[in-house]
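Structural overview for review
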Amino acid sequence: MGMTRRAWLTGAVGGLVLLALWWTPRPELPPAWAQGVGILSRQMCTQITSPVTGQTFCFEGATNTLKFWNGATWTQSNATQSGVNNVRDYGAAGNGTADDAPAIQRALNAASVTSANAGIVYVPPGQYLLGSRLTMYSNTSLLGAGWGSVLRVAPTITTTAGQAIITLGASVVRTRNLLLSDFQIDGNKANVALDGSPTEYEQSCVNLDFVASVTLRNLYVHDCVENGLYINNSPANVDIDGGTFADNGKAGASAGRGIAFSVSPTYFRIGRTFVTGNRTQGISIQGEGGQHAASFTIVNNVVTNNTQDGIDLTDNATSGSATQDIMMRQWAIVGNVVQGNGRYGIRVSQQGTANASGFYSLARDGIIAGNTVQGNTSQGILINQNSDGRIASISVSNNVVTTNGGTGIDVSASVSSRITDVFVNGNHVMGNTGAEIAQNGLRTTEGCNNTDVNGTFMACGTATRVNTRLMASGAHTNTLLGYSVVVNSSSSLYGGGISWYTNSGGTKGWAIENNVTVGNNIL
């Protein structure tokens, strides 16, 4: 009897399914991190299903021990077996009452020498009280098991500078190749006395001086007397990836920043951090000194509710020995959320005095792009020149700048010839208390050369504002106000929409073109 059509189809489909199953690719091994490579924390180490021989370490909560996988079983680890220096093996108690600084320092000292136990210091979960600061040396990693590994500054701490962790690098011999990862530092500012003569670096929780090739990953640094993190004196190749820097700065302290770089930093990145509630700036870059500050990015951070500025690039103070103009150059502030700070959202300011040889500070070749800047007390984005400082070649584009207490985007100069080539393009600027975009119009009488304000959408209500929405004043050269939409803006003095007036020095080479103004009013 012949095969029916249905039976044939059933057999054919079944054969195809079997063939498909036979040809289905076998799943590849998961990546190394999914197999448990590194130092993990479990109640029982047997909970880790895919350990890798010689590469998986486990802090076992049930036995309070560090173990490693030898290929067949979990074995208790010590420094000579694993190359990991467990601070518990050096006498640290982690109970929150004993002074664990000497024990942790012994582990750091052991990790700094060339031997089988060099390199890694492990801090298991616990509360480790620090009665003195910890010093890190080159080629050392200090690793916790997450934010349950807490280094807490003792009220009776005997050292002031570098409150919790410092380096002792010098200009000739830097401290190199450091990793600080996955632990918490509690600066305990409520119970630690302020030093009698506070300075920028004293009593910062982490003070890294003369360092190179440093990674800080997933740290929680909070309640420090001064700065949370202070990196100083020509640091190079520093990567800050993730973590929280919060509530730093005691009343009366000289600083109180979340993250601060100072004195000619180069080649660094601050990314994916949460910086909040600090006493002064959230993130501060000061390139002062006799060398350039260059090649850095501040990207994808959330910077909120700091008492002064969210992100602050300021004052390359030019040293007396400088033989060239000192530049803050080749930098980018991209993709950050900067919200609710007590002064400016993002500030770039150069206002230092030239040295006796006539050399000055200059911020140039910078990008401010793709940020959300809202609800800050004063200007959203401020680019400011004063005194002998210079600013040149900065692009401000594709930012959302809303509901700030001052001007949305403010480009300001005390001497018009000292700020050049600032491009403000394609931003969404609305609902700010002052002018949405001002080229020096709010605070000075002189303008800015070679400044474009293009492609910007601005919408705001018909509130009784004393400034126009898009405003340029003073002496202008080669200035274009174009391709903008200005809706329902008003001014009691000059009318709404777009205003242009000259009150010093004349204006030349200017144009107002391709704009749309709708429903603007004179009050």
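Residues numbered from 1 in each chain as written. Predicted model: local features only at pLDDT ≥ 70, side-chain atom pairs only at ≥ 80, totals over all residues. Heavy atoms only, no water.

To continue, consider the overall build of the protein. When you go through the protein residue by residue, the secondary structure sums to four helices and 47 strands. The buried share of the protein, reckoned over its 523 residues, is 54%. Restricting the contact set of the protein to residue pairs at least 6 apart, pairs at least 24 apart contribute 75%. Only carbon and sulfur atoms are counted for the fraction: they give 53% of the accessible area of the protein, which is about 20800 Å². (Helix = DSSP H or I, 4+ residues; strand = E, 2+ residues; numbered from the N terminus. Buried < 20%, exposed > 50% of the residue type's maximum accessible area, 1.4 Å probe, protein only. Contact = heavy atoms within 4.5 Å. Areas by Shrake-Rupley, 256 points an atom, 1.4 Å probe, with all protein chains shown as cover.)

So, about the environment of Thr314. One can find Thr314 in strand E25 (residues 311–314). Each C-alpha atom of the pair Thr314 and Arg347 lies 7.5 Å from the other, and the pair is 33 residues apart in sequence.

One pass over the full model with this rule turns up four aromatic pairs. A centroid spacing of 5.0 Å and a plane angle of 35 degrees characterise the contact between Trp147 and Tyr220, whose relative ring orientation is tilted. A residue pair is termed long-range when its members are at least 10 positions apart, and Trp147 in the loop between strand E10 (140–144) and strand E11 (149–153) and Tyr220 in strand E16 (residues 211–222) qualify at 73 residues. We classify Trp147 as partly exposed; its relative accessible area is 34%. In this structure Tyr220 comes out as partly exposed when scored by relative accessible area, which is 23%. Grouped by ring-pair contacts, the aromatic residues Phe261, Phe268 and Phe296 constitute a single cluster. (Phe/Tyr/Trp six-rings, centres within 6.5 Å; stacked < 30°, edge-to-face > 60°.)

On to the pattern of salt bridges, then. A side chain with one charge may pair with a side chain of the opposite charge, provided their charged atoms come close. Using the criterion set out here, one finds nine salt bridges in the structure. For Arg343, the salt bridge identified is with Asp309, shortest N-O distance 2.8 Å. With Arg343 in the loop between strand E27 (337–339) and strand E28 (346–350) and Asp309 in the loop between strand E24 (302–304) and E25, this residue pair connects regions lying 34 residues apart in the sequence. A relative accessible area of 0% means that Asp309 is categorised as buried. Sharing partners across several salt bridges, the network here consists of Asp239, Asp241, Arg269 and Arg272. (Salt bridge = Lys/Arg side-chain N within 4 Å of Asp/Glu carboxyl O.)

Evaluated as defined, the whole model comprises two disulfides. Shown here is the disulfide that connects Cys45 with Cys58, its sulfur atoms set 2.3 Å apart. On the sign convention where negative means left-handed, the S-S torsion of about -95 degrees between Cys45 and Cys58 marks this disulfide as left-handed. Here Cys58 lies in strand E2 (residues 56–60) and Cys45 lies in the loop between strand E1 (38–42) and E2, a separation of 13 residues in the sequence. You can call Cys45 buried: its relative accessible area is 0%. Each sulfur of the disulfide joining Cys205 and Cys224 lies 2.0 Å from the other. Between Cys205 and Cys224, the S-S dihedral sits near -110 degrees, and the bridge is therefore left-handed. Residue Cys205 is located in the loop between strand E14 (184–186) and strand E15 (206–209), and its partner Cys224 is located in the loop between E16 and strand E17 (229–232); the two are separated by 19 residues in the primary sequence. The same class applies to Cys205 and to Cys224, which are both buried. Cysteine pairing in the protein follows 1-2, 3-4, where each cysteine in a disulfide is numbered by its order in the sequence. (Disulfide = S-S within 2.5 Å.)

The nonpolar side chains of soluble globular proteins are, as a tendency, buried together. Residues Leu151, Ile165, Leu216, Ile240, Ile285 and Leu313 are the most contacted members of the largest nonpolar core, which totals 76 residues. A total of six residues in this core trace back to one element, the largest contributor, which is helix H4 (residues 101–111). Beyond its immediate sequence surroundings of up to four residues, Ile240 is in contact with Leu216, Leu229, Ile231, Phe245, Ile259, Phe261, Arg269, Ile270, Gly271 and Thr273. (Core = buried A, V, L, I, M, F, W, Y, C linked by side-chain atoms within 4.5 Å.)

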